[in-house]
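# Chain and residue survey
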Amino acid sequence: MYELSVGGLIALLFGLASYYGLGEMGIFSQINLALGGLALLAAMASGFRRLGSVGGPHSRPVIARGLALIAAAIALGVLAERMADRSDIHFDLTFEHAFEVSPAVRDTLAALPVPAEALLFADGADRRIRRTRLLLEALAANGNLNVRVVDLYEHPELAERYELEPDAAASNTVVLVLNNDWEIVRRPTEGSIYEALYRLQHLESGRLIVLRGDGEGDIESVLDDGYSGFVTALITEGYEVESRVSAAMDEVPEDTRAVIVIAPRRRLLDHTLAALSAYLERGGKLVVFLEPGVESGLGELLEPWGISSPNELIVDPASAPMGKHRAEGLDILAYGYESHHIVTRRLGVNQVTLFPGARPLLLRKPRVEDRLQRMVVSSARSWRTDDLGWLDRRGRPEDPTQPRDHQTLVATGLYQRDGKETRIVAFGDADVASNRYLRAVYNLDLVLNAVHWATEQTPLISLRPKVLRTTIQFPLPLENSIQAFNGVGMLLPELLLIGGAIVWLRRRAA
Amino acid sequence: MALVRKDLASLFGAPTAYLALTMIALVTALIFFDHLRQYNLMLFLVTTNTMGGFDFGTIPETINLWDRVFSPVMDSLGLMLVGAIPLITMRVFAEERVRGTDELLITTHLTPTRIVLAKFTVTYAFVALMMAVSFVYPMAAIEQGGVGIEHLAAVFMGLLLLAWGVASIGLVCSAFTSSQLVAAVSGWAVAFVLWDFSWANAFVSDEIARFLEALALYPRFAAFSEGIVSLANLVYFAALALVALSLARFSFDLRRVGA
């Protein structure tokens, strides 16, 4: 029996070693695994036969008790493990909590009409697969998602079906399939998978008009100061985005869900402002991004709606150090949110938003029934300065003579006029939505949720998972690793060996 | 406790334990610093070729500290455990059998359960020390690299549980034989078979593949390695230890009835 079991185990050992060595199940591996398995089965049968014939009546209860204990241990172990598995209790100890599913993803998965399939294309040697698979399984645990790992080389036809080259470059690519449609995610993170799921649903959130032609933020520019990321995010969330020359706009079309104006550098023409004003009067929705130092006429447009913005700068000690070329206190890290507003109720002190160079907003209700709200404010230690020169020079703006207080960075207005509802969202800064800062901290959530509020798509308001993954891509301080190995790496083994030698010498002497 | 103390004294009274610790520390250091050297070299080559410096987006996603250094080192360490631990556990029961000292133990007031528990405790303690020694370099370097301490704790916990799992297998193999060689070889074989069942995926149905994966050591360890501590994985390793204890105890029953 022992010979059979040892022989069988050795055969299994060599069969697996060959499999792992070659990376495929060759004839040697197959024969060894088959023979090893058979030998072990035979050894087990022989062992049980031997147990049955052991000793007399005194031995059998001992053996039976021992076997019962083993069976009980196995049963207890399996039961406990299955129960623990069902409970799905786990702790995500990664730095960025990469495996904690955000509410937005849970909602999106729950809203899928049928379960989606996630195909993870894998090259066996790619270490990223393990992490991506765990992420997909964490998402699948919320339901409506089936995960399948596909070997790129065993199923090249499947890769080609989804327009992927079956080579190592396609490894760690996820294809999300819903009905007959699919989306390819090349850098799978919770955020990118969320966006792909969103696109697969083909939601129709309505048409947005973004103005251009008077120095507004460029929605086609992929540069840092462009706004292509903002528009891409809007399209992902189901909006149809149309760019219109402001000078040519005499009237806002009826089917427009909202108009977005991103910090015009020049004054808008009077007829454009009149068209926007008329649009608001008939229950329009407007999202405006203002910038300090520019008088575009938007102030005049917003004034009748109770929102004004003096041409000043907010200075806040609670600001981010954005480089030596910037004056201190201008790049505001905001953490003061209106907790009763649907847009900001999920944002707290740990969900900061970044406003690089913002102008203040002042609110005054035009009518009692109007609802004007400060949505995001700077810290209580902030103040306003009319010296806009600080935008271009370094240093620390002088302390104010007037008392410090919260300054409004983002405000919303809700108005009932002739049975129609007008909504306005005003940002005191446009950089908050620029490519450079949109994905920073919680800017994307704030900006998109504000647009959703303006367009009355409140179910879409959520906190989104982060698209980017924190990776360490710089050399470690151990610059010369060979030197470090010779210096530090050898020290511990040396000390242990000295310890062993002393013990051995003492034993010899004794 | 007396038996635990005696076994600990016997273990650290012999130079073998120190040699094992030295070897583990040395091999881990070699593997770790070699991966680190290759990573730094690759990073400099890429940044030199692209002239993009270390800005985000200029370096391919696959070249990062976690995937190029830490993760492969931990996987190598896991496999190394399968190779090294049966060499440590092979003598625990088998040596006592050869010397006949196990019969002496049985004749004392100690029950087989207590004897087995003491042996397991001493082996687990030694393996924990071994893991601590092998974890020093990766931990120091990754901490400097900015990875959270919680994630490192999860990885260490995974390695430790894996090591205890392999030790449990090795101890059972040692308990059923008087030959240290047979104990070591069977310990290797069982641990290696249980390591991962992905090789069987091509031959079995999805349900059986899932069942086999639930049995395997590596997927459990992999979850810890990625920073996830799940109750199911903790229970899996506890259950493995429990089954190993009951099997090792059964070997004493067999000795008592002369099987």
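For clarity, every value in this text was computed on a predicted model and none was experimentally measured.

On to the overall build of chain A, then. Helix and strand content of chain A: 14 helices and 19 strands. The C-alpha radius of gyration of chain A comes to 33 Å, more than 25% above the 24 Å expected for a compact globule of 510 residues. Seen through its C-alpha atoms, chain A measures out along the principal axes to roughly 105 × 65 × 45 Å. Looking at chain A residue by residue over its 510 residues, the buried ones come to 40%. Here the contacts in chain A between residues at least 6 apart in sequence split such that 73% fall between residues at least 24 apart.

Let us now look at the nonpolar core. In this structure, A:V174, A:L176, B:A163, B:V166, B:L171, B:F192 and B:A244 are the most contacted members of the largest nonpolar core, which totals 130 residues. Counting the residues that make up this core, at least three belong to each of domain 1 (2-87) and domain 2 (103-198) of chain A. In this view, B:L171 contacts B:T89, B:V92, B:F93, B:K119, B:F120, B:T123, B:A244 and B:A248; residues no more than four positions away in its chain are not counted. Formed by 74 residues, the second largest nonpolar core is a distinct cluster that contains A:V261, A:L302, A:F355 and A:Y415.

Before going further, it helps to spend a moment on the domain arrangement of chain A. Often, the extent of an interface is quoted as the loss of accessible area on bringing the components together. Split into domains, chain A comes out as domain 1 (2-87), domain 2 (103-198) and domain 3 (203-460). Once you take the C-alpha centre of each, domain 1 of chain A and domain 2 of chain A turn out to be 37 Å apart.

Residues and elements named next belong to chain A. Counting buried positions along helix α7 (residues 190-200) yields 8 of 11 residues, so the element is predominantly enclosed. Buried residues in α7 make contact with α4 (103-110), β2 (116-122), α5 (128-140), β4 (173-178), β5 (181-185) and α8 (228-236). One or two residues past the end of α7 sits H202, with phi positive at roughly 50°.

Let us look at unusual backbone geometry. Residue and element names in this part refer to chain A. Located in the positive-phi region is N179, a residue other than glycine, with phi close to 55°. Tracing the sequence through the fold places N179 in the loop between β4 and β5. The exposure class assigned to N179 is exposed, which follows from the 10 C-beta atoms found within 10 Å. In this model, A263 sits at a positive phi of 40°, which is unusual for a non-glycine residue. With respect to the secondary-structure elements, A263 resides in the loop between β8 (256-262) and α9 (270-281).

A few words now on the pairing of strand β9 (residues 285-289) of chain A. All names here are of chain A. Where burial is concerned, most of β9 is hidden: 5 out of the 5 residues are buried. Side-chain alternation along β9 places K285, V287 and F289 on one buried face and L286 and V288 on a second face that is also buried. Since β8 and β9 lie parallel, the crossover through α9 that links them has a hand, and here it is right-handed. In terms of strand pairing, β9 meets strand β19 (residues 420-427) through 5 bridges, oriented parallel. Bridge pairing in β19 links V288 to A426.

On to the environment of B:E213, then. Residue and element names in this part refer to chain B. Residue placement: E213 occurs in helix α8 (residues 206-215). Remark: the alpha-carbon pair of E213 and D196, spanning 17 residues in sequence, is separated by 7.1 Å. Residues contacting E213, with those up to four places away along its chain left out, are F197 and P219.

An order of β7-β6-β8-β9-β19-β18-β16-β13 (chain A) is seen for the 8 strands of this open sheet, with the pairing classed as mixed. In the strand order of this sheet, the two ends are held by β7 (239-245) and β13 (336-337) of chain A, each with one partner.

Before going further, it helps to examine the packing of helix α6 (residues 149-175) of chain B against helix α9 (residues 218-225) of chain B. Residues and elements named next belong to chain B. Across the interface, α6 lies against α9 with an axial gap of 7 Å and an inter-helix angle of 160°. The pairing of α6 with α9 is recorded here as roughly antiparallel in orientation. As for the relative orientation of α6 and α9, their crossing is left-handed in sense. Counted together, A154, V155, M157, G158 and L162 of α6 and F221, F224 and S225 of α9 form the full contact between these two elements. A class-by-class count of the residues in the contact of α6 with α9 yields 6 nonpolar, 2 polar and no charged.

Thresholds, definitions, all that
Residues numbered from 1 in each chain as written. Chains lettered and ligands numbered in written order. Predicted model: local features only at pLDDT ≥ 70, side-chain atom pairs only at ≥ 80, totals over all residues. Helix = DSSP H or I, 4+ residues; strand = E, 2+ residues; numbered from the N terminus. Rg over C-alpha atoms; globule rule 2.2 N^0.38 Å. Buried ≥ 20, exposed ≤ 12 C-beta atoms within 10 Å, placed from the backbone. Contact = placed C-beta atoms within 7 Å. Core = buried A, V, L, I, M, F, W, Y, C linked by C-beta atoms within 7 Å. Domains from an automatic or database assignment. Right-handed = clockwise from strand over helix to strand, strands pointing away. Pairing = 2+ DSSP bridges. Axes fitted to C-alpha atoms, helices over the stretch in contact; angles between N-to-C directions. Parallel < 35°, antiparallel > 145°, perpendicular 65-115°, else oblique. Left-handed = near helix turned anticlockwise from the far one by under 90°. Nonpolar A, V, L, I, M, F, W, Y, C, P; charged D, E, K, R; others polar.

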